[in-house]
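Commentary on secondary and tertiary structure
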Amino acid sequence: MDRIWTSVKTLLKEKIPGHSYRMWIEPIAFFEKKAGAVVLACPNQFSKKRISDHYGHLIEDAFSSEAGRAVKVRWVVGPTPAESVREDPKGRQMKLPDMDPPANCGHLLRKDFTFDQFVVGKNSDFAYSAALSLAARNQGNQNALYLLSKTGMGKSHLSQAVGHHILDTFPRERVYYITAEDFMNEMTDSYRSSNIHGFKEKYRQKCDVLLLEDVHFLSGKNGTQEELSNTLESLMNANKKIIYSSCYLPSDIPKLNDKLKSRLSCGLISKIDTPDYKTRLRILKRTAATSKYTISDEVCQYLASELTEDVRQLKSGFIGVTAKASLLGSEVDLALARSVVKNIVTSRQGITLDSIKRLVCKYYNVSLTDLTSRSRRQAIVRPRQVAMYLSRQYTDHSLQTIGKSFNRYHATTLHALKTVEKGVQENGPFQKHVEFLSERLENGKG
Ligand SMILES: Nc1ncnc2c1ncn2[C@@H]1O[C@H](COP(=O)(O)OP(=O)(O)OP(=O)(O)O)[C@@H](O)[C@H]1O
């Protein structure tokens, strides 16, 4: 059953944004199978409620699809996967002292996200060396590092590796690992509970190493940007270590204030590129060696040549083939690998008019009603045009259908497409917005 759970998690990873996956799904453990239902364990009451409310149906569907029959899922609070999180010898976790862990406190580091588990290739050697050098506190080294890559390429892995390394070498250091979204939520909660003072003190004075993920999430979140800029300034003045990760350069993140842009740009920017075939093959072989699963060279070579998008996809392929073989009680052969690869590749093609509209509304901070209204306000017209443009790029719908779904005539749709196309060619902010949104769509991130 553990293997089915592993492949259910692989499916969920494709459907849920990375930070939400890490926050909510990763800590869940398979508990038992009882009275025909699968029982899953969550770390605490809060996460149990949150996960069952928000992800319960999705998880049941994924189980049912893996098992080939309807599966009911029940939830308990209980032991979570010990191997997936770092266990400190003294029982210390990556939380700052004197704080009751709130619902959205820092994450635990993943045990396997260490330097020695990271396969270095030409695509990542600079980022790897920069991360290692920062962790090892080499003289003259920068205190801040900005890890840049598209999704699933190892930013979290490297930034957590820094956390592990520092805790191993300097066990008294206070290492805090958090996503930008959690930072914002925690800040909002602190305002609500009149504890903003405690929040500021926690990040500005009680943190030695800040690992901050997915900073592009703060696009358009003005209040949080202001608070984060001040936090970063305090940390930098105190010579603390900071690692950011993002899919975009600071200068390419839309609606980011200049102050924060400049703080983020102070970090040494290290890009991780797509690994080449040889590196992909080495990653697969390392994964196989660690999981003690043997797959033939032929299957490894096939996966490495087909799953070229990113490392997460590559690893999903590996987990997929081993899980399917174990479910069917068969060998991992090429035919089985082909069926798994086909599923992985097609699951990325679920972009619809609705998902485009939702994404655009979220990033331009407009409502769905506004987007499809008759409003001619520039603040609405621009997102509407971008949404129409993306709909044309990413779906097979005709201009008429796209126009109709925005309550517009075919001619207006055509005009919108031309306007955006022109903006994109002119390399202005339009282009940045379109690129930003396109990447999120392609990576299945809402
Ligand atoms: N060079 C590598 N060697 C071994 N494993 C890797 C490497 N790069 C990435 N991985 C693995 O790929 C998976 C995805 O990596 P990770 O979560 O770090 O990506 P990410 O860039 O942070 O993605 P996102 O932007 O979606 O958060 C992880 O299982 C990680 O261990």
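Residues numbered from 1 in each chain as written. Predicted model: local features only at pLDDT ≥ 70, side-chain atom pairs only at ≥ 80, totals over all residues. Heavy atoms only, no water.

In the annotation of an unreviewed UniProt entry, the chain is listed under the name Chromosomal replication initiator protein DnaA and assigned to Desulfosarcina alkanivorans. UniProt lists a comment for the chain under the heading Sequence similarities (unreviewed entry), and it reads "Belongs to the DnaA family." What UniProt records for the chain under Subcellular location (unreviewed entry) is the sentence "Cytoplasm". (UniProt positions renumbered as here; feature names shortened; annotations may be inferred.)

**A word on the site of the ligand**
The immediate surroundings of the ligand are formed by 19 residues, with Thr151, Gly152, Lys155, Ser156 and His157 found nearest. A distance of 2.8 Å is found between an oxygen atom of the ligand and a side-chain nitrogen or oxygen belonging to Lys155. Ser156 places a polar side-chain atom, nitrogen or oxygen, 2.7 Å from an oxygen atom of the ligand. When isolated, the ligand has an accessible area of 630 Å², and the protein chains bury 96% of it. Class assignment of the residues belonging to the shell around the ligand gives a composition of six nonpolar, seven polar and six charged. Here the shell around the ligand spans two domains, since at least three of its residues come from each of domain 2 (115-271) and domain 3 (275-349). (Near = heavy atom within 4 Å. Polar contact = N/O pair within 3.5 Å; in protein donor to acceptor, adjacent residues only side chain to side chain. Areas by Shrake-Rupley, 256 points an atom, 1.4 Å probe, with all protein chains shown as cover. Nonpolar A, V, L, I, M, F, W, Y, C, P; charged D, E, K, R; others polar. Domains from an automatic or database assignment.)

**Topic: helix α1 (residues 2-15)**
For α1, built from 14 residues, the straight-helix expectation of 20 Å at 1.5 Å per residue is met to within 8% by its first-to-last C-alpha distance of 20 Å. All buried positions along α1 are accounted for by Ile4, Trp5, Ser7, Val8, Lys9, Thr10, Leu12 and Glu14. (Helix = DSSP H or I, 4+ residues; strand = E, 2+ residues; numbered from the N terminus. Expected span 1.5 Å × (residues − 1). Buried < 20%, exposed > 50% of the residue type's maximum accessible area, 1.4 Å probe, protein only.)

**Here's the deal with the side chain of Ser7**
Of note, Ser7 is situated in helix α1. Here the side chain of Ser7 touches Glu66 through a polar contact of 3.0 Å, side chain to side chain. Each residue touching Ser7, except ones within four places of it in the same chain, is listed here: Glu66 and Ala323. (Contact = heavy atoms within 4.5 Å.)

**Side note on the UniProt feature "binding site: ATP" (unreviewed entry) in the chain**
Taking the UniProt record as the reference, the feature "binding site: ATP" (unreviewed entry) is found at Gly152, Gly154, Lys155 and Ser156. Mapped onto the elements of the fold, Gly152 is located in the loop between β4 (144-148) and α5 (155-169). One can find Lys155 in helix α5. With near-sequence residues (within four places) excluded, Lys155 lies in contact with Leu147, Leu148, Ser149, Lys150, Ser245, Ser246, Cys247 and Ile272. Within polar-contact distance, the side chain of Lys155 engages the backbone oxygen of Lys150 at 3.2 Å.

**Regarding the pattern of salt bridges**
Summed over all chains, the structure comprises 14 salt bridges. Here Glu60 ties to Lys72 by a salt bridge, and the two come within 3.3 Å at their closest N and O atoms. Taken together, the positions of Glu60 in helix α3 (residues 45-67) and Lys72 in strand β3 (residues 72-77) put the pair twelve residues apart, joining distant regions of the chain. The exposure class assigned to Glu60 is buried, which follows from its relative accessible area of 15%. In this structure Lys72 comes out as exposed when scored by relative accessible area, which is 54%. Between Asp273 and Lys271 there is a salt bridge, with its nearest N and O atoms 3.0 Å apart. We classify Asp273 as partly exposed; its relative accessible area is 35%. Through salt bridges with shared partners, a single network forms among Arg174, Asp208 and Lys240. (Salt bridge = Lys/Arg side-chain N within 4 Å of Asp/Glu carboxyl O.)

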